[in-house]
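Understanding the architecture of this molecule
Each chain is listed here by its residues.
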Amino acid sequence: MSLENLLILVLATLIGLLGGVIPGVSGPMMVVVFLPITYAFEPTQAFILLTVIYAASVYGGMVTAILFRAPGTPESSMTVLDGYAMAQNGQAGRALGVGILASGTGAIIATLAMILLTPPLAALAMNFSSAEFFAIALLGLSIVASLSSGQVSKGVFGVGLGMLLASIGNDPMTATQRMTFNVADLGAGLELIPVMIGLFAIPEVLRRSRLDTNLTFNTKYGKVEVWSRRNLTSVGPTVGRSGVIGTAIGILPGAGAVTAAILGYTQAVRFSRDKSRFGKGDPRGVAGPESANNAGAVGSLVPLFALGIPGSATTAILIGAFILHGFQPGPNLMTTQSTFVYTIFAAILVANVLALIFAKPLIRVLINVLNIPYALLGPAIVIFCIIGSYSLRNSVFDVWVMLLFGVVGYLLMKYNFPVGTIVLGFVLGPIAESNFRRALMMSGGDATVFLTRPISLTIILIAAAILVYPFIKPLVSRLVTPRTSKALDA
Amino acid sequence: MNRTSRRQRLQLEPLVWTGLGVVALIVVIAGVPASTATALQTPRFWPTAAAVIMLVAGLLIASNALAGSRRALSDPVAAQPQDSSGKPAAADPEVLRRYNHLLLIGIIAAYVAALPYLGYVVATFVMAWVLAWTIGVRKILSATLASITYVALTTVIFGILMNVPLPRGRGPFVEISTFFF
């Protein structure tokens with residue numbers, strides 16, 4: 001790795017940790033805000049910056065979860081339970097130390113798994129044709145349920161909206177103008193970046209502008225204890241177990257790091273002899289979710305690199321970034337750009353080792369950032385959003401698009417709408433459409449091509465099952481519960 | 001917001017999604033020309049599929065809300081305000097500046113409209129200062145220093161290092177912009 005790449009890596013680690021530490025500045029927001037800066041970068045450097053920011057933001061999220069009961073990222077929500085309780089018991093420093101140890105180890109376990117598993121998975125996918133790629137895109141779209149926070153109908157609506165927005169402009173096959181209504185700026189379609197910036201970054205600034213923006217935190221936490229014998233013996237097995245669980249969950253398309261954190265916590269409780277201490281400040285209650293969420297975040301990069309489908313909202317944004325830089329993530333990337341891919345893998349590994357070593361002294365610096373009031377950070381975020389949207393095509397029209405989607409995003413946020421699903425539809429819609437039409441063209445218009453090829457059929461059935469399950473889940477529960485109650489009564 | 005108006009808003013919300021689905025379908029029919037190709041391969045097929053997905057999802061949201069309101073009639077506890085997913089509606093957090101978000105949208109819109117005329121440096125400095133003040137900075141020096149820092153930083157990164165042709169404005173503002181980048 002060159003010195004330049006190493007500098008970018010260190011910078012990205014710092015930015016990611018910083019983003020994770022500040023509540024209201026999420027991982028997707030950091031990736032979206034920094035994406036425009038990568039326009040001028042070499043692709044390798046661009047993706048070192050973006051993927052490491054993503055991985056490190058999950059790492060940083062635990063700090064405010066432990067100290068202030070305010071998870072810096074959604075992935076750190078479970079860390080609040082025992083982390084904040086430890087802080088209340090005067091063990092904030094130890095909780096931070098356990099968090100650092102668990103986060104770094106979990107992410108390293110997942111990175112090693114990613115290096116081992118991505119190539120064979122991509123090699124398997126090399127035999128796929130357009131029908132299979134359409135099925136994979138459909139599988140990617142079916143993760144909508146996990147991005148919907150329990151509101152699957154709204155999530156499906158969001159996917160449809162994203163697909164519709166992505167269809168504006170030239171039709172990829174016939175160059176017919178779709179939904180442009182003679183607006184010249186719409187001819188090339190809506191750009192992903194202004195849409196994403198609008199949906200993710202602007203609404204949060206609008207929301208926070210109504211609250212007390214001059215609040216700062218009380219940032220006293222005592223001595224941070226990372227590599228002590230006490231930590232290694234008490235949380236070591238939990239860290240290892242949750243790291244493996246988190247990796248497996250992350251690899252499943254749509255399961256994501258939040259699910260991994262929940263499972264990491266429940267597994268930590270399940271394997272414990274004394275379960276009564278959980279929720280009252282047990283270090284394993286910090287180690288379990290932190291190891292699993294970091295492993296899950298890295299694990300979700302496996303389907304991204306191997307199959308070209310996102311495992312989370314942030315990886316959907318990363319797919320957009322790949323396309324922006326002229327790459328099509330998926331099995332071909334592993335064979336045609338293997339050096340590029342392995343450099344990114346190495347960067348993630350090094351970033352996690354660096355974070356594990358330097359997180360302790362860095363926490364002191366990062367926490368000082370929390371003393372900067374949001375009233376000063378807000379304008380900076382808005383300016384970066386504006387210039388990021390403008391510099392894509394040097395077009396003021398894109399800034400208007402960003403503002404429009406900022407307002408839309410704010411309204412959607414008021415209705416608890418899962419905006420990540422719009423991005424999912426926007427990114428995967430065109431991939432699904434082009435492969436769908438190509439497969440039909442190659443089969444002479446025979447639509448059964450998707451069902452006669454075994455791999456395509458299997459993937460479509462899995463996608464359908466993932467999509468339909470949340471809708472039939474209440475019915476299944478109703479059918480199962482009476483039987484279970486009767487059995488218990490008997 | 002009083003409880004009655006909030007409930008009305010929440011009852012109207014499911015219909016909004018269905019309405020948006022219908023609008024999407026109309027936009028597709030009006031905005032994508034019909035083609036002689038096989039139905040599945042026409043340029044209209046995919047956007048139509050997207051609009052139909054929106055419409056079906058909108059109808060599902062509406063039916064869920066209807067089922068929720070029926071449950072509310074039979075269960076007084078469930079009669080509390082709910083959103084369309086059937087979950088209790090989130091309480092408003094401690095809002096200090098009720099219309100600040102609208103002000104911010106207005107400021108950014110005015111900035112984007114003025115950008116081609118005032119140029120990046122002047123327009124961004126003014127916007128950053130007004131934004132900082134609107135969001136809550138109450139010291140003139142802090143707002144001014146922050147605005148200068150943001151403009152300087154972004155001009156150096158994007159205008160000079162990345163060669164992004166930032167707007168230079170018109171008339172006398174071109175001279176001001178040329179002085180910086």
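First things first, this report covers the structure right here in the doc. Values in this document were obtained by computation on a predicted structure and should not be read as measured data.

Some remarks on the overall build of chain A
- Counting its secondary structure elements, chain A contains 23 helices and 2 strands.
- Out of the 490 residues in chain A, the part that is buried amounts to 61%.
- Of the contacts formed within chain A by residues at least 6 apart in sequence, a portion of 78% connects residues at least 24 apart.
- Total accessible area computed for chain A in this model is approximately 17,900 Å², and 65% of it derives from carbon and sulfur atoms.

Description of the pattern of salt bridges
Residues and elements named next belong to chain A.
- One pass over the full model with this rule turns up 10 salt bridges over all chains.
- Here Asp171 makes a salt bridge to Arg437, at a shortest N to O gap of 2.6 Å. Note that Asp171 is positioned in the loop between strand 1 (169-170) and strand 2 (177-178) and Arg437 in helix 21 (residues 420-442), a separation of 266 residues in sequence. Both residues of the pair, Asp171 and Arg437, belong to the buried class.
- A salt bridge links Arg284 to Asp282, with the shortest nitrogen-to-oxygen separation between them at 2.7 Å.
- The network of salt bridges with common partners includes Asp171, Arg178, Glu433 and Arg437.

So, the environment of Thr421 of chain A
Residues and elements named next belong to chain A.
- Checked against the element boundaries, Thr421 lands in helix 21.
- Take Thr421: its relative accessible area is 0%, and that puts it in the buried class.
- A distance of 2.6 Å separates a polar side-chain atom of Thr421 from the backbone oxygen of Pro418.

Thoughts on the interface of chain A and chain B
- At the junction of the two partners, chain A supplies 67 residues and chain B supplies 69 residues.
- Taken over both partners, the interface formed by chain A and chain B buries close to 5,800 Å², and the fraction arising from carbon and sulfur atoms is 78%.
- Taken together, the links from chain A to chain B amount to 0 salt bridges.
- At the boundary of chain A with chain B, the tally comes to 10 residue pairs in polar contact (both at pLDDT 80 or more).
- Listed by contribution, the elements that provide at least two residues to the side of chain A that touches chain B are helix 9 (152-167), strand 2, helix 11 (202-209), helix 19 (374-393), helix 20 (396-414) and helix 21 of chain A.
- Take the side of chain A that touches chain B: its biggest share by element is 14 residues, from helix 19 of chain A.
- Of the residues in the side of chain A that touches chain B, the class split is 41 nonpolar, 18 polar and 8 charged.

As for the nonpolar core
- Phe47, Leu190, Phe305 and Phe450 of chain A are the most contacted members of the largest nonpolar core, which totals 158 residues.
- The leading source of residues in this core is helix 19 of chain A, at 12 residues.
- Here this core gathers at least three residues from each of two domains, domain 1 (3-79) and domain 2 (100-180) of chain B.
- If we skip the residues at most four places from it in the chain, Phe450 of chain A touches Ala131, Phe134, Phe436, Ala439, Leu440, Ser456, Leu457 and Ile460 of chain A.
- The next biggest cluster of nonpolar side chains, apart from the first, holds 32 residues, and it includes Val63, Val224, Val226 and Leu356 of chain A.

Focus: the packing of helix 16 (residues 313-324) of chain A against helix 21 of chain A
Residues and elements named next belong to chain A.
- The geometry of helix 16 relative to helix 21 is characterised by a closest axis approach of 9 Å and an angle of 40° between their N-to-C directions. On the basis of their axis angle, the class for helix 16 and helix 21 is oblique. As helix 16 runs across helix 21, the sense of the crossing is left-handed. Seen from helix 16, the contacting residues are Ala313, Ala316, Ile317, Ile319, Gly320 and Ile323; seen from helix 21, they are Gly420, Val423, Leu424, Val427 and Ile431.
- When the residues that make up the contact of helix 16 with helix 21 are grouped by side-chain class, the tally is 9 nonpolar, 2 polar and no charged.

A look at the packing of aromatic side chains
All names here are of chain A.
- Counted under the stated rule, the structure contains 22 aromatic pairs over all chains.
- The interplanar angle of 90° and the centroid separation of 5.7 Å between the aromatic rings of Phe305 and Phe322 together place this pair among those described as edge-to-face. One end of the pair, Phe305, is in helix 15 (residues 301-307); the other, Phe322, is in helix 16, and 17 residues separate them in sequence.
- Aromatic side chains Phe436 and Phe450 sit 5.3 Å apart centroid to centroid with 5° between the ring planes, which places their arrangement in the stacked category. You can see Phe436 sitting in helix 21 and its partner Phe450 sitting in helix 22 (residues 449-452), a full 14 residues away along the chain.
- Put simply, the rings of Phe47, Phe305, Phe322, Phe327, Phe340, Tyr342 and Phe345 touch in pairs and so form one group of aromatic residues.
- Directly above the aromatic system of Phe271 lies the positively charged group of Arg241, at a separation of 4.0 Å from the ring centroid.

As for helix 21 of chain A
All names here are of chain A.
- In this model, helix 21 (23 residues) spans 33 Å end to end at C-alpha, consistent with the 33 Å of a helix rising 1.5 Å per residue.
- If you look at helix 21, its biggest bend is around 35°, right at Leu428, and the proline Pro430 turns up within four residues after that.
- The element helix 21 is largely enclosed, with a buried count of 19 among its 23 residues.

Here we look at a nonpolar patch on the surface
- Where nonpolar side chains cluster on the molecular surface, the patch consists of Leu467, Val468, Tyr469, Phe471, Ile472, Leu475, Val476 and Leu479 of chain A together with Val52, Val56 and Leu60 of chain B and spans about 880 Å² of accessible area.
- Those elements that provide at least two residues to the nonpolar patch are helix 23 (454-489) of chain A together with helix 2 (45-74) of chain B.
- By residue number, the principal contributor to the nonpolar patch is helix 23 of chain A, which donates 8 residues.
- Checked against the element boundaries, Val476 of chain A lands in helix 23.

Remarks on unusual backbone geometry
All names here are of chain A.
- Residues other than glycine seldom take positive phi values, yet Phe181 does so here, at roughly 45°.
- With respect to the helices and strands, Phe181 occurs in the loop between strand 2 and helix 10 (192-200).
- Here Asn416, not a glycine, exhibits a phi torsion of approximately 50°, which is positive.

Rules used in this analysis
Residues numbered from 1 in each chain as written. Chains lettered and ligands numbered in written order. Predicted model: local features only at pLDDT ≥ 70, side-chain atom pairs only at ≥ 80, totals over all residues. Heavy atoms only, no water. Helix = DSSP H or I, 4+ residues; strand = E, 2+ residues; numbered from the N terminus. Buried < 20%, exposed > 50% of the residue type's maximum accessible area, 1.4 Å probe, protein only. Contact = heavy atoms within 4.5 Å. Areas by Shrake-Rupley, 256 points an atom, 1.4 Å probe, with all protein chains shown as cover. Salt bridge = Lys/Arg side-chain N within 4 Å of Asp/Glu carboxyl O. Polar contact = N/O pair within 3.5 Å; in protein donor to acceptor, adjacent residues only side chain to side chain. Buried area = accessible area lost by both parts, 1.4 Å probe. Nonpolar A, V, L, I, M, F, W, Y, C, P; charged D, E, K, R; others polar. Core = buried A, V, L, I, M, F, W, Y, C linked by side-chain atoms within 4.5 Å. Domains from an automatic or database assignment. Axes fitted to C-alpha atoms, helices over the stretch in contact; angles between N-to-C directions. Parallel < 35°, antiparallel > 145°, perpendicular 65-115°, else oblique. Left-handed = near helix turned anticlockwise from the far one by under 90°. Phe/Tyr/Trp six-rings, centres within 6.5 Å; stacked < 30°, edge-to-face > 60°. Lys NZ or Arg CZ within 6 Å of the ring centre and 35° of its normal. Expected span 1.5 Å × (residues − 1). Bend = angle between axes of the 7 residues up to and from the residue. Patch = residues over 30% accessible without salt bridge, like charges linked within 9 Å, V, L, I, M, F, W, Y side chains within 5 Å.

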